[in-house]
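# Topology and contacts: notes
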Amino acid sequence: MKTYDLVGIGNAVVDVITQCDDSFLDHMGIEKGIMQLVERERGETLYGAMTERVQTPGGSVANTIAGAGALGMQTAFIGRVRDDALGRFYASAMSDHGIDFVNPPVTSGEMPTSRSMIFVTPDGERSMNTYLGISTGLGSGDVPGDVAGNAKMMFLEGYLFDQDAGKTAFREAARATKAGGGMAGIAISDPFCVERHRADFLSLIENDLDYVIGNEAELMALFETDDLEDAIARTAAICSIVVCTRSGDGVTLVRDGERCDVPVKKITPVDATGAGDQFAAGFLFGLARGADLETCGRMGNLCAGEVISHIGPRPQEDMLARFRSEGLI
């Protein structure tokens, strides 16, 4: 039976990226700098308006899994795609990256493969318009027990919490991983998702997870507080490892009461897409190796800094070599 260093469960989304100016956003009615969910018809309109598209297999946790795989971890990804052109592209692209994409494309139903139309303006801001499509149907039946049970680490994507079937699949996957001796954790993903499912999020974090990664807004949303320190402390009281990313202000990490604040070198982003996802890849790589908190944070920061220096959500530099040159491994 194959054992994985890291298994992710998340939305299997094809990222379709194009560059544009602010007047294009105004003309198309696209709100700048945020992620908006769109219906199928709006998605098709926006897709048709894009020029010089760059297509990559995306989805927040999938990007993390790709980054971890590039660091040499044995990885698998659990997600749903349709047996259509974008779905087949996604499945083969994941496999080409050395990631075991364990779910065959779905041939039944009408929902197409999920896609996110990402418009990058000259200031590096990304405006995402995501049509979730078939991803939203993920449930327990899509999570192979032998994959979850043989994962050293399981990483869940908060966006999938919007569906009851996704919540159930998460609990079962986390428990299977922990029963097999592994660790399970989540990327909170979105403060609005927290607002919709606060009680379920807190229950999952307290009862089934070993680590949680979120930004300032996400952690504060968990406890409906404007006090970040209070939010970090309260999250740490129910989960053994808490990571709070604070963009230009670095990252705060807490493990069993031990706290570490790791600064970040500020750089102007070319494209901020994937910063949090690649931070998670570096952090989880360090965690899997048994590194101390500061080293895990520094690895995460280096991966985030690399990905925002170019267009696209996945690393282009050999980050393992970078870790060696920085004396981290």
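Fair warning: this is a prediction, and the values are worked out from it, not measured in the lab. (Residues numbered from 1 in each chain as written. Predicted model: local features only at pLDDT ≥ 70, side-chain atom pairs only at ≥ 80, totals over all residues. Heavy atoms only, no water.)

Strands sit in the order S3-S8-S7-S2-S4 across an open sheet of five strands; the sheet is mixed. The strands lining the two open edges of the sheet, one partner per strand, are strand S3 (35-37) and strand S4 (54-58). Averaged over all neighbouring strand pairs, the angle between strand axes comes to 25 degrees, with direction disregarded. Sheet topology places S3 next to strand S8 (residues 126-131); three bridges connect them, and they run parallel. In the sheet register, Met-35 faces S8, and the bridge partner there is Met-128. Strands in contact with helix H2 (residues 40-49) are strand S2 (13-19), S4, strand S7 (114-120) and S8; relative to S7, the strand with the most contacts, it is inclined by about 45 degrees. The strands touched by helix H4 (residues 85-96) within the sheet are S2, S4 and S7, with S4 carrying the most contacts at an inclination of about 65 degrees. (Pairing = 2+ DSSP bridges. Helix = DSSP H or I, 4+ residues; strand = E, 2+ residues; numbered from the N terminus. Axes fitted to C-alpha atoms, helices over the stretch in contact; angles between N-to-C directions. Contact = heavy atoms within 4.5 Å.)

Another point: the UniProt feature "domain: Carbohydrate kinase PfkB" (unreviewed entry) in the chain. When the UniProt feature table is mapped onto this chain numbering, "domain: Carbohydrate kinase PfkB" (unreviewed entry) sits at residues 40-314. For residues 40-314, helix accounts for 43% and strand for 20%, while the C-alpha atoms at its two ends are 26 Å apart. (UniProt positions renumbered as here; feature names shortened; annotations may be inferred.)

Here we come to the pairing of S2. Burial within S2 is extensive, with six of its seven residues counted as buried. As judged from the five bridges shared by S2 and S4, these two strands associate in the antiparallel manner. For Ile-17, the partnering residue across the bridge sits in S4 and is Val-54. Alignment of S2 against S7, held across seven bridges, turns out to be parallel. In the sheet register, Val-13 faces S7, and the bridge partner there is Ser-114. (Buried < 20%, exposed > 50% of the residue type's maximum accessible area, 1.4 Å probe, protein only.)

Turning next to the state of the cysteines. A covalent bond between the sulfur atoms of two cysteines is referred to as a disulfide. Under the definition given, this model contains zero disulfides. Just so you know, Cys-296 is unpaired, no disulfide at all, and the nearest cysteine sulfur is the one on Cys-260, 9.3 Å from it. Cys-296 provides the cysteine sulfur closest to Cys-303, a residue in no disulfide bond, and the two sulfurs are 11 Å apart. Taking the relative accessible area as the measure of exposure, Cys-303 reaches 3% and is therefore buried. (Disulfide = S-S within 2.5 Å.)

The end-to-end C-alpha distance of helix H12 (residues 293-307) is 22 Å, a good match for the 21 Å that 15 residues give at a rise of 1.5 Å each. Where burial is concerned, most of H12 is hidden: 12 out of the 15 residues are buried. Residues of H12 that are buried: Leu-293, Thr-295, Cys-296, Gly-297, Met-299, Gly-300, Asn-301, Leu-302, Cys-303, Ala-304, Glu-306 and Val-307. As for H12, its buried residues are in contact with strand S13 (251-255), strand S14 (258-262), helix H11 (275-288) and helix H13 (319-325). (Expected span 1.5 Å × (residues − 1).)

Below, the discussion takes up the side chain of Asn-129. Tracing the chain through its elements places Asn-129 in strand S8. Excluding anything up to four places from it in sequence, Asn-129 contacts Ile-30, Gln-36, Val-38, Arg-42, Leu-46, Arg-115, Ser-116, Met-117 and Phe-119.

Across the interface, helix H3 (residues 60-70) lies against H11 with an axial gap of 8 Å and an inter-helix angle of 45 degrees. It follows that H3 is oblique to H11 by the angle criterion. Relative to H11, the crossing made by H3 is right-handed. When H3 is examined against H11, the residues Ser-60, Asn-63, Thr-64, Gly-67 and Ala-68 are found in contact with a partner set consisting of Asp-277, Gln-278, Ala-280, Ala-281 and Leu-284. Here the residues of the contact of H3 with H11 are counted per class, giving four nonpolar, five polar and one charged. (Parallel < 35°, antiparallel > 145°, perpendicular 65-115°, else oblique. Left-handed = near helix turned anticlockwise from the far one by under 90°. Nonpolar A, V, L, I, M, F, W, Y, C, P; charged D, E, K, R; others polar.)

What follows concerns the packing of aromatic side chains. For the coordinates displayed, the defined rule picks out nine aromatic pairs. Centre to centre, the rings of Phe-77 and Tyr-90 are 6.5 Å apart; their planes meet at 45 degrees, and the pair counts as tilted. Of the two residues, Phe-77 sits in strand S5 (residues 75-78) while Tyr-90 sits in helix H4, which places them 13 residues apart along the sequence. In this structure Phe-77 comes out as buried when scored by relative accessible area, which is 0%. Aromatic side chains Phe-279 and Phe-283 sit 6.2 Å apart centroid to centroid with 10 degrees between the ring planes, which places their arrangement in the stacked category. Here Phe-279 pairs with Phe-283, and both are found in helix H11, just four residues apart, close to one helical turn. (Phe/Tyr/Trp six-rings, centres within 6.5 Å; stacked < 30°, edge-to-face > 60°.)

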